[in-house]
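Residues per chain, in single letters:
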Amino acid sequence: MNYQWDFSFLLEYKTLIWQGALYTLGFTVLTAVSGLTVGCIIALARLSGIRWLAWPLLAISELFRCTPVLVQLVWCYYALPILIGVNLSPPLAAFITLTMYGGSFYAEIIRGGIISIDAGQWDAGRALGMRIGALMRRIVLPQAFRRMVPPLVNQTVLQLKNTSLLSVLAVPDLLYQGQLITSATYRPLETYTMVAVIYFILLLPLTRGAALLEARMSR
């Protein structure tokens, strides 16, 4: 193969690359925070024992967990506006999709962390006269949080990876900017190699952090 690699042309597009990387990071942080919020609501609703509240949220959670993110993105952008009668911009449709997708998995992590606490801890708190709020805040959640941190970080890593799918809606993330550069230069090998390297640089600290946290928690 006599292909001549040349990455120098990418310097001309450093602004697009920088903007794409920042958009990817920003979208990851935003959807991770909103997904955690949604996940907490779903998890607490399912643990509340209120069936009329828990069952609909469980159904929504399972819907997002059991369908591909790409399908959800396309459906949310093209089909949801027809159902609700309101047009959604690509970033808003992507935000809703990744929030609900991440939230459904965050919910299972949070719920699993809470129910993993030994029943004796709950009984001891009730024996001391603690109400459910104080019991959760002072006894259950501090122990559960230590168990939840590694899988929560891993799910956040997946959130960052899933942002690469936003390009199907023309959301200006890193991959979409790479597609624009490829269209202008006809140099896909260098461009997508650069995109892969940037994703690796963004993801490596998170994956290593998750591994260190998991090792620390196991001790």
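Scroll up to find the structure.
Definitions and limits used
Residues numbered from 1 in each chain as written. Predicted model: local features only at pLDDT ≥ 70, side-chain atom pairs only at ≥ 80, totals over all residues. Heavy atoms only, no water. Patch = residues over 30% accessible without salt bridge, like charges linked within 9 Å, V, L, I, M, F, W, Y side chains within 5 Å. Areas by Shrake-Rupley, 256 points an atom, 1.4 Å probe, with all protein chains shown as cover. Salt bridge = Lys/Arg side-chain N within 4 Å of Asp/Glu carboxyl O. Helix = DSSP H or I, 4+ residues; strand = E, 2+ residues; numbered from the N terminus. Expected span 1.5 Å × (residues − 1). Disulfide = S-S within 2.5 Å. Buried < 20%, exposed > 50% of the residue type's maximum accessible area, 1.4 Å probe, protein only. Core = buried A, V, L, I, M, F, W, Y, C linked by side-chain atoms within 4.5 Å. Contact = heavy atoms within 4.5 Å.

Visitor: I'd like to hear about a nonpolar patch on the surface, residue by residue, with values.
Guide: Residues Leu-70, Val-74, Tyr-78 and Val-168 make up a contiguous nonpolar surface patch of roughly 350 Å² in combined accessible area. Secondary-structure assignment places Tyr-78 in helix H3 (residues 69-78).

Visitor: Mind laying out helix H1 (residues 14-48), listing which residues take part and the relevant values?
Guide: Given a rise of 1.5 Å per residue, 35 residues ought to cover 51 Å, and the 51 Å separating the end C-alpha atoms of H1 matches this to within 8%. Immediately beyond the C-terminal end of H1, within one or two residues, lies Gly-49, with a positive phi of roughly 85°.

Visitor: Go over the state of the cysteines, please, and point to the residues and values.
Guide: Under the defined criterion, the tally for this structure stands at zero disulfides. Between Cys-66, a cysteine without a disulfide, and Cys-76, which holds the nearest cysteine sulfur, the sulfur-to-sulfur distance is 18 Å. Its relative accessible area of 59% is what places Cys-66 among the exposed residues.

Visitor: So what about the nonpolar core? Which residues, and what values?
Guide: Among the nonpolar cores identified, the biggest contains 16 residues, and Ile-17 and Ile-198 are the most heavily contacted of them. Mapped onto this core, the elements with two or more residues apiece are H1, helix H7 (132-162), helix H8 (174-185) and helix H9 (188-218). Looking at this core, the element that brings in the most residues is H9, giving six residues. Here Ile-17 is in contact with Leu-10, Leu-174, Ile-181, Met-194 and Ile-198, once residues within four sequence places are set aside.

Visitor: Tell me what's going on with the side chain of Thr-97, and back it up with residues and numbers.
Guide: Following the sequence through the fold, Thr-97 ends up in helix H5 (residues 90-115). The buried category is assigned to Thr-97, whose relative accessible area is 2%. Beyond its immediate chain neighbours, meaning those up to four positions away, Thr-97 contacts Phe-64, Val-69, Gln-72, Leu-73 and Cys-76.

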